Amino acid sequence: MSPVVDTLTLTAEDAIGLVERAEISPSELHAAYLEAIGERDEELHSYLRTVDEAAGDGIPVALKDIISTRGVETTAGSRILAGYVPVFDATVAARCKAAGLTLLGKTNTDEFAMGSSTENSAYGPSHNPWNPDLVPGGSGGGTAAAVSAGLAPWGLGSDTGGSIKQPSALCGNVGLRPTYGTVSRYGVVAFASSLDQVGPVAKTVRDVALLYRIIAGRDPADSTTVEL
């Protein structure tokens, strides 16, 4: 029998501790989040698609659907890209994989990240977990709503003019737009590539710092990145 996990209150740091102490396996934790998504996400629509199998030895992560994921459909919230399955991972997705994080799924976004409410997704709007009659912000409202609702321990968004910071504020969690150049943009569907930055969304500042540590650093595939 799988352990009972309260994903709503679980921080990423707590989840890491559970796995490290072997109190729960990565696959059991992944399954617990999928169960929570199945129970709660019909109302919130924070995910566009989920991944059934845990391919890693760490905790789950949700990725905004502008981040290319090998073998997993990536649409940028647009029907123009419906059915597009990348043959490569974005650098940030590859670094999450290398750290053992298991991909939970791809989160909803305003189409091509152009919006501030996640109402402009071609697949329908996301809703705020505190009050589903309200918007979760955007364009990364799917990731922010998923984290606040306990449907992911943490996730990645992208920020051009506020698309991490604003939905995190509206959903009551912590989001960081990193300093430009500290995180690779390779494999990320661009809104304005001279401004875009991928960054972490989580329940706590410590969780954000832990995920930022995983994704940051020089990338030969992105000439704007710097050594930290």
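Shown above is the structure to which this text applies.
Residues numbered from 1 in each chain as written. Predicted model: local features only at pLDDT ≥ 70, side-chain atom pairs only at ≥ 80, totals over all residues. Heavy atoms only, no water.

1. Notes on helix 2 (residues 26-44)
Item 1. In this model, helix 2 (19 residues) spans 25 Å end to end at C-alpha, consistent with the 27 Å of a helix rising 1.5 Å per residue.
Item 2. Within helix 2, the axis deviates most sharply at Gly38, by approximately 45°.
Item 3. Of the residues making up helix 2, those classed as buried are Pro26, Leu29, His30, Ala32, Tyr33, Leu34, Ala36, Ile37, Asp41 and Leu44.
Item 4. At its buried positions, helix 2 is contacted by helix 1 (12-20), strand 1 (47-50), strand 2 (60-64) and strand 3 (102-107).
Item 5. Within two residues after helix 2, His45 carries a phi angle of roughly 55°, on the positive side. (Helix = DSSP H or I, 4+ residues; strand = E, 2+ residues; numbered from the N terminus. Expected span 1.5 Å × (residues − 1). Bend = angle between axes of the 7 residues up to and from the residue. Buried < 20%, exposed > 50% of the residue type's maximum accessible area, 1.4 Å probe, protein only. Contact = heavy atoms within 4.5 Å.)

2. Remarks on the pattern of salt bridges
Item 1. Enumeration according to the criterion identifies nine salt bridges in this entry.
Item 2. The partner of Asp222 in a salt bridge is Arg185, with the nearest N and O atoms 3.5 Å apart. Here Asp222, found in the segment after helix 6 (205-215), pairs with Arg185, found in the loop between strand 5 (174-175) and strand 6 (197-202); they are 37 residues apart in sequence, far enough to count as distant. As far as burial versus exposure is concerned, Asp222 and Arg185 are alike and both buried.
Item 3. Through salt bridges with shared partners, one network takes in Arg49, Asp65, Glu73 and Lys106. (Salt bridge = Lys/Arg side-chain N within 4 Å of Asp/Glu carboxyl O.)

3. Section: the side chain of Arg95
Item 1. Tracing the backbone through its elements, the reader meets Arg95 in helix 3 (residues 91-98).
Item 2. Here Arg95 occupies a buried position and makes no salt bridge, while the nearest side chain of opposite charge, Asp219, is found at 4.8 Å.
Item 3. Polar side-chain contacts of Arg95 include one of 3.0 Å to the backbone oxygen of Ile215.
Item 4. Filtering out sequence-adjacent residues up to four positions away, Arg95 remains in contact with Ile214, Ile215, Ala216, Gly217, Arg218 and Asp219. (Lys, Arg positive; Asp, Glu negative; His and termini not counted. Polar contact = N/O pair within 3.5 Å; in protein donor to acceptor, adjacent residues only side chain to side chain.)

4. Side note on the nonpolar core
Item 1. Ile67 and Leu156 are the most contacted members of the largest nonpolar core, which has 43 residues in total.
Item 2. Looking at this core, the elements that each hand over two or more residues are helix 1, helix 2, strand 2, helix 3, strand 3, strand 4 (154-159), strand 6 and helix 6.
Item 3. In terms of residue count, the dominant contributor to this core is helix 2 (six residues).
Item 4. When neighbours within four sequence positions are excluded, Ile67 is seen to be in contact with Thr74, Ala90, Val92, Ala93, Lys106, Leu156, Gly187 and Val198. (Core = buried A, V, L, I, M, F, W, Y, C linked by side-chain atoms within 4.5 Å.)

5. Points about helix 3
Item 1. Along helix 3, the residues classified as buried are Thr91, Val92, Ala93, Arg95 and Cys96.
Item 2. Structurally, helix 3 contributes buried residues whose contacts are with strand 2, strand 4, strand 6 and helix 6.

6. Quick word on the sheet that holds strand 5
Item 1. Taken in spatial order, the six strands of this open sheet run 1-3-2-4-6-5, and their pairing is mixed. Edge positions in the open sheet fall to strand 1 and strand 5, since each of these has one partner strand only.
Item 2. In this fold helix 2 packs onto strand 1, strand 2 and strand 3, with an angle of close to 20° to the strand it touches most, strand 3.
Item 3. The sheet strands contacting helix 6 are strand 4, strand 5 and strand 6, and the helix crosses strand 6 at an angle near 145°. (Pairing = 2+ DSSP bridges. Axes fitted to C-alpha atoms, helices over the stretch in contact; angles between N-to-C directions.)

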